[in-house]
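Okay, here's what each chain looks like letter by letter:
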Amino acid sequence: MRITTTQASDVAALLRDAARAEILPRFRQLAAGDIRVKSGPLDLVTEADEAAERRISAALSTRFPDAMILGEEAAAADPSLLEKMAEAELCFIIDPVDGTANFAAGVPLFGVMVAAVRNGETIAGWIHDPMGDDTVIGLRGEGAWVQSPDGARRDCRVSAPAPVGSMVGAVSWGFMPPERKARVLPRLSRLAGTLNFRCAAHEYRLAATGGAHLLVYNKLMPWDHAAGVLIHAEAGGHSSHFDGAPYSPRRHTGGLLCAPDAASHAEAMQSLLGED
């Protein structure tokens with residue numbers, strides 16, 4: 001099956017509904033007991049994450065009754081769901097609040113991400129910005145665009161290719177193993193600039209709309225990347241795992257680098273990760 005533009009707009013609307021009903025009313029209103037630590041100080045879950053995931057999951061199940069629904073918080077409670085996702089014919093993967101550390105700290109930089117994955121291949125992606133009240137949508141083979149609640153659309157396009165010395169990129173090095181971290185960190189000065197939003201949703205939006213050249217990640221949970229990689233590709237970009245293999249939401253290790261095209265991707269890969 002494919003996701004039609006009408007269905008894509010409907011999913012964007014349900015993400016907006018969840019954000020307005022469950023996320024925004026809790027922004028800067030969380031009590032201490034509403035925030036819990038999962039694996040580390042930047043891996044948090046809040047009442048907003050859980051309530052939004054329940055609402056989005058229910059809405060998607062109504063619209064796509066035969067699809068598997070995989071939410072980040074459900075997978076945290078039952079890791080076996082990741083294995084079931086790999087076998088599902090159609091699966092919707094939900095990150096109810098990407099950038100939870102920002103959200104919990106009262107920083108207005110967070111998003112809602114959903115990907116539709118068919119037999120292991122991402123066919124649609126959505127990144128909703130609750131604060132900006134719009135959604136980036138990507139459909140495999142049909143492009144990517146920013147869509148407003150009234151249906152107005154603005155096409156996405158990655159930045160023009162640039163040499164490494166002129167690239168601005170989001171490089172998430174915190175989850176890299178020590179040997180990779182020791183290689184990458186001294187080389188960041190080869191870039192024109194780096195950024196870290198603590199929010200993959202907004203980093204993917206930035207790259208897909210031409211605001212940054214480069215994205216580098218090490219930890220690859222599908223709710224963080226499946227939607228963004230598709231949107232970036234549909235906006236004209238090129239990405240791969242560090243070993244050169246195409247991105248797969250079934251693969252959760254091996255790193256990821258996204259750049260404007262294949263040539264700049266190869267140059268950035270060699271400059272940041274290759275042998276000198």
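Before going into details, it helps to say that this report is about the structure given with it. (Residues numbered from 1 in each chain as written. Predicted model: local features only at pLDDT ≥ 70, side-chain atom pairs only at ≥ 80, totals over all residues. Heavy atoms only, no water.)

### So, the overall build of the protein chain
Thinking step 1. Scanning the protein chain for helices and strands turns up 9 helices and 14 strands.
Thinking step 2. The C-alpha atoms of the protein chain give a radius of gyration of 18 Å, which matches the 19 Å a tight globule of 276 residues would have.
Thinking step 3. Principal axes of the C-alpha set define a box for the protein chain whose edges measure 50 × 40 × 35 Å.
Thinking step 4. Counting across all 276 residues of the protein chain, residues that qualify as buried make up 54%. (Helix = DSSP H or I, 4+ residues; strand = E, 2+ residues; numbered from the N terminus. Rg over C-alpha atoms; globule rule 2.2 N^0.38 Å. Buried < 20%, exposed > 50% of the residue type's maximum accessible area, 1.4 Å probe, protein only.)

### Comments concerning the packing of helix 1 (residues 5–23) against helix 2 (residues 47–63)
Thinking step 1. Orientation of helix 1 relative to helix 2, taken along the N-to-C sense of each, is 150 degrees, at an axis distance of 9 Å. As judged from the angle between their axes, helix 1 and helix 2 are roughly antiparallel. Between helix 1 and helix 2 lies a crossing whose hand is right-handed. Of helix 2, the residues touching helix 1 (which contributes Asp10, Val11, Leu14, Leu15, Asp17, Ala18, Ala21, Glu22 and Ile23) are Ala48, Ala51, Ala52, Arg55, Ile56, Ala59, Leu60 and Arg63. (Axes fitted to C-alpha atoms, helices over the stretch in contact; angles between N-to-C directions. Parallel < 35°, antiparallel > 145°, perpendicular 65-115°, else oblique. Left-handed = near helix turned anticlockwise from the far one by under 90°. Contact = heavy atoms within 4.5 Å.)

### Topic: the layout of surface pockets
Thinking step 1. A volume near 190 Å³ is recorded for the second largest pocket.
Thinking step 2. In this structure, the second largest pocket is lined by 14 residues; those nearest its centre are Arg140, Val229, Ala233, Ser239 and Tyr247.
Thinking step 3. When residues of the lining of the second largest pocket are assigned to their parent elements, the largest contribution, 5 residues, is made by helix 8 (residues 222–234).
Thinking step 4. A per-class count over the lining of the second largest pocket returns 7 nonpolar, 4 polar and 3 charged. (1 Å grid on protein atoms, 1.4 Å probe; cavity = no way out; pocket = protein on both sides within 12 Å on 5 of 7 lines; lining within 4 Å. Points joined across faces, edges and corners; volume = space filled by probe spheres on them. Nonpolar A, V, L, I, M, F, W, Y, C, P; charged D, E, K, R; others polar.)

### Thoughts on the pattern of salt bridges
Thinking step 1. Tallied over the entire structure, the rule returns 13 salt bridges.
Thinking step 2. Residues aspartate 17 and arginine 55 are paired through a salt bridge, measuring 2.7 Å at the closest nitrogen-oxygen approach. With aspartate 17 in helix 1 and arginine 55 in helix 2, this pair connects stretches of sequence that are 38 residues apart.
Thinking step 3. Relative accessible area serves as the criterion here: at 36%, aspartate 17 is assigned to the partly exposed category.
Thinking step 4. A salt bridge links arginine 140 to glutamate 121; its shortest N-O distance comes to 3.8 Å. (Salt bridge = Lys/Arg side-chain N within 4 Å of Asp/Glu carboxyl O.)

### So, the nonpolar core
Thinking step 1. With 32 residues, the main nonpolar core has Ile3, Ile56, Leu60, Phe92 and Trp126 as its most contacted residues.
Thinking step 2. Where this core is concerned, the elements lending two or more residues are helix 1, helix 2, strand 4 (90–98), strand 5 (111–118), strand 6 (121–129) and strand 7 (134–139).
Thinking step 3. Residues within four places of isoleucine 3 in sequence aside, it is in contact with Ala8, Phe64, Phe92, Ala116, Ile123, Ala124, Trp126, Leu139 and Glu142.
Thinking step 4. With 27 residues, the next largest nonpolar core counts Cys156, Val158, Tyr217 and Tyr247 among its residues. (Core = buried A, V, L, I, M, F, W, Y, C linked by side-chain atoms within 4.5 Å.)

### Overview of helix 2
Thinking step 1. The end-to-end C-alpha distance of helix 2, which contains 17 residues, comes to 25 Å, matching closely the 24 Å that a straight helix rising 1.5 Å per residue would cover.
Thinking step 2. Every buried residue of helix 2 is listed here: Ala48, Asp49, Ala51, Ala52, Glu53, Ile56, Ser57, Ala59 and Leu60.
Thinking step 3. One side-chain oxygen at the N-terminal end of helix 2 lies 3.1 Å from the backbone nitrogen of alanine 48; it belongs to threonine 46. (Expected span 1.5 Å × (residues − 1). Polar contact = N/O pair within 3.5 Å; in protein donor to acceptor, adjacent residues only side chain to side chain.)

### Section: the sheet that holds strand 9 (residues 153–155)
Thinking step 1. A sheet is described by the order of its strands in space; here 7 strands give the open sequence 3-4-5-6-7-8-9, paired in mixed fashion. At either end of the open sheet lies a strand with only one pairing partner, and these are strand 3 (68–71) and strand 9. Direction aside, neighbouring strands of the sheet carry axes that sit 20 degrees apart on average.
Thinking step 2. Inspection of the sheet shows strand 8 (residues 143–147) paired to strand 9 by 3 bridges, in the antiparallel sense. Of the residues in strand 9, the one forming a bridge with valine 146 is arginine 154.
Thinking step 3. Across the sheet, helix 1 is in contact with strand 4, strand 5, strand 6, strand 7, strand 8 and strand 9; its angle to strand 6 comes to roughly 40 degrees.
Thinking step 4. Strands strand 4, strand 5, strand 6, strand 7 and strand 8 of the sheet are contacted by helix 7 (residues 200–208), whose axis makes an angle of about 100 degrees with strand 6. (Pairing = 2+ DSSP bridges.)

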